[in-house]
Amino acid sequence: LCPQVPELEKATVRMRHPERVRGIVRALRERGAATLQVISDFDMTLSRFGCNGRRCPTSHNILDTSRVVSEDGKKKLKDLLHYYYPIEIDPNRTLEEKRPLMVEWWTRAHELLVQQKIRKSDIAQMVRESEVMLRDGFKEFFDQLHQNNVPLFIFSAGIGDVLEEIIHQANVFYSNVKVVSNYMAFDDDGVLMHFKEPLIHTYNKNNTVLQGTGYLQQLSSRTSVIVLGDSMGDLTMADGIPNVENILKIGFLNDKVEERREKYLDAFDIVLESDETLDVVNGILRYILIE
């Protein structure tokens, strides 16, 4: 397809319009590093979905299943997951139907976590004890962007304090990385009091929750965008960016592949099926960034 990016020949790669993808990748290279920015989801996009047949935790799961949450709390959080997750990924429900239910889920989960009196000082240990893993090739991904001064904007409906800790423990939290997510507010004793506004869930990752941050406006010269996500909600992450010239949307299809394939192929330029690596992304970045 694109001899300069051999990774696109991987068996995990699917594309509805290969020619169009080739054109976008070429345009990104022509425009170069100075105009590029990467906007990425975190959970199950930069972090792995599974390993050896076991699910890896999201940033919420790390708290939900940690020793600081009571057995009763764990059960209630699991019940919420079993009720709302099928709604989140149901291809037959509209976003309008899903949005209020996602707000309900996140709000109830956050309230349960607040009841657990989680301490700020416990977070690093919880992350260390968890089975969270970044995707294979993460170091090259973060390093390439950092070395070329390409901004990496991580837009997550997860828990910001936890995912920042994951990136810190992987030693890749560089100066070009900016995170917008759900952050905890702690009292003077370092105990969780509440979650800060705005609430970010799967289906409101767009300009509405970024208003007032000014972040995307600062990047108005960054007119080439690569978007990485694993859900339909991630497609709107670039909506607040002024003057986008070229945008490449790469989707990780981790779960219920057969059932959701068509929708993903319609929505993303490149779909990576059950691929726990960043190989394709790194291959594209190498082609764009290497002089």
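No experiment lies behind these values; they were computed from the predicted model shown.

1. What to know about the domain arrangement of the chain
Looking at the assigned domains, one finds that the chain contains domain 1 (6-51 + 134-289) and domain 2 (54-129). The C-alpha centroid of domain 2 is placed 21 Å from the C-alpha centroid of domain 1. Taken together, the contact pairs 35 residues of domain 1 with 31 residues of domain 2. Across the domain 1/domain 2 interface, buried area totals approximately 3000 Å², and carbon plus sulfur atoms make up 67% of it. Joining domain 1 to domain 2, the criterion identifies zero salt bridges. Across the domain 1-domain 2 interface, the total number found is 16 residue pairs in polar contact (both at pLDDT 80 or more). Residue assignment for the side of domain 1 that touches domain 2 shows that the elements contributing at least two residues are strand 3 (50-51), strand 5 (152-159), helix 7 (160-169), strand 7 (184-186), strand 8 (192-195) and helix 9 (257-267). Looking at the side of domain 1 that touches domain 2 element by element, the count peaks at six residues for helix 7. Of the residues assigned to the side of domain 1 that touches domain 2, the class counts are 17 nonpolar, eight polar and 10 charged.

2. Notes on the packing of aromatic side chains
The full count for this structure, using the stated rule, is six aromatic pairs. Consider the rings of Tyr 84 and Trp 105, whose centres lie 5.7 Å apart with planes at 10°: the pair is stacked. With Tyr 84 in helix 3 (residues 71-88) and Trp 105 in helix 4 (residues 95-115), the pair connects residues that are 21 residues apart, well separated along the chain. Across the pair, Trp 105 and Tyr 84 agree in class, each one buried. Here the aromatic residues Tyr 83, Tyr 84, Trp 105 and Trp 106 are joined through ring pairs into a cluster of three or more.

3. Focus on the packing of helix 6 (residues 138-147) against helix 10 (residues 279-289)
Axis separation between helix 6 and helix 10 bottoms out at 10 Å; the angle between their running directions is 25°. By the angle between their axes, helix 6 is roughly parallel relative to helix 10. Considering only the axes of helix 6 and helix 10, their crossing is left-handed. Contact with helix 6, carried on its side by Glu 140, Phe 141, Gln 144 and Leu 145, involves Val 281, Asn 282, Leu 285, Arg 286 and Leu 289 of helix 10 and no other residues of that element. Residues that form the contact of helix 6 with helix 10 fall into these classes: five nonpolar, two polar and two charged.

The rules behind the values
- Counting of residues starts from 1 at the beginning of each chain's written sequence and follows it residue by residue.
- Only residues with pLDDT of 70 or above have their local features reported here, since the model is predicted, and side-chain atom pairs are shown and tallied only from 80 upward, although totals for entire chains, interfaces and linings are computed over all residues.
- Hydrogen atoms and water are omitted, and side-chain values are computed over all heavy atoms in the structure.
- For each domain, the first and last residues come from an automatic or database assignment.
- Between two residues, a contact is recorded if the distance between any of their heavy atoms is within 4.5 Å.
- The term buried area means the drop in 1.4 Å probe accessible area that two parts suffer when joined, counted for both and summed.
- Definition used for salt bridges: Asp or Glu carboxyl oxygen within 4 Å of a side-chain nitrogen of Lys or Arg.
- Identification of polar contacts relies on pairs of N or O atoms within 3.5 Å, with a donor-acceptor requirement for protein atoms, meaning one able to donate a hydrogen and the other able to accept it, and with residues adjacent in sequence counted only if both atoms are side-chain atoms.
- Counting from the N terminus, the helices are the DSSP runs of H or I reaching at least four residues and the strands are the DSSP runs of E reaching at least two.
- When residues are grouped by polarity, Ala, Val, Leu, Ile, Met, Phe, Trp, Tyr, Cys and Pro land in nonpolar, Asp, Glu, Lys and Arg in charged, and all others, Gly among them, in polar.
- Side-chain rings of Phe, Tyr and Trp, where Trp is taken by its six-membered ring, are said to pair if the distance between their centres is within 6.5 Å; with planes under 30 degrees apart they count as stacked, over 60 as edge-to-face, and otherwise as tilted.
- Only protein chains enter the accessibility calculation, which uses a 1.4 Å probe. A residue is then buried if its area is under 20% of the maximum for its type, exposed if over 50%, and partly exposed in between.
- Every axis in this analysis is a line fitted to C-alpha atoms, fitted for helices over the stretch in contact. Angles between the N-to-C directions lie between 0 and 180 degrees.
- Oblique is the label for any angle not covered by the other classes, which are roughly parallel (under 35 degrees), roughly antiparallel (over 145) and roughly perpendicular (65 to 115).
- Left-handed describes a crossing whose near helix is turned anticlockwise from the far helix through less than a right angle; right-handed describes the clockwise counterpart.

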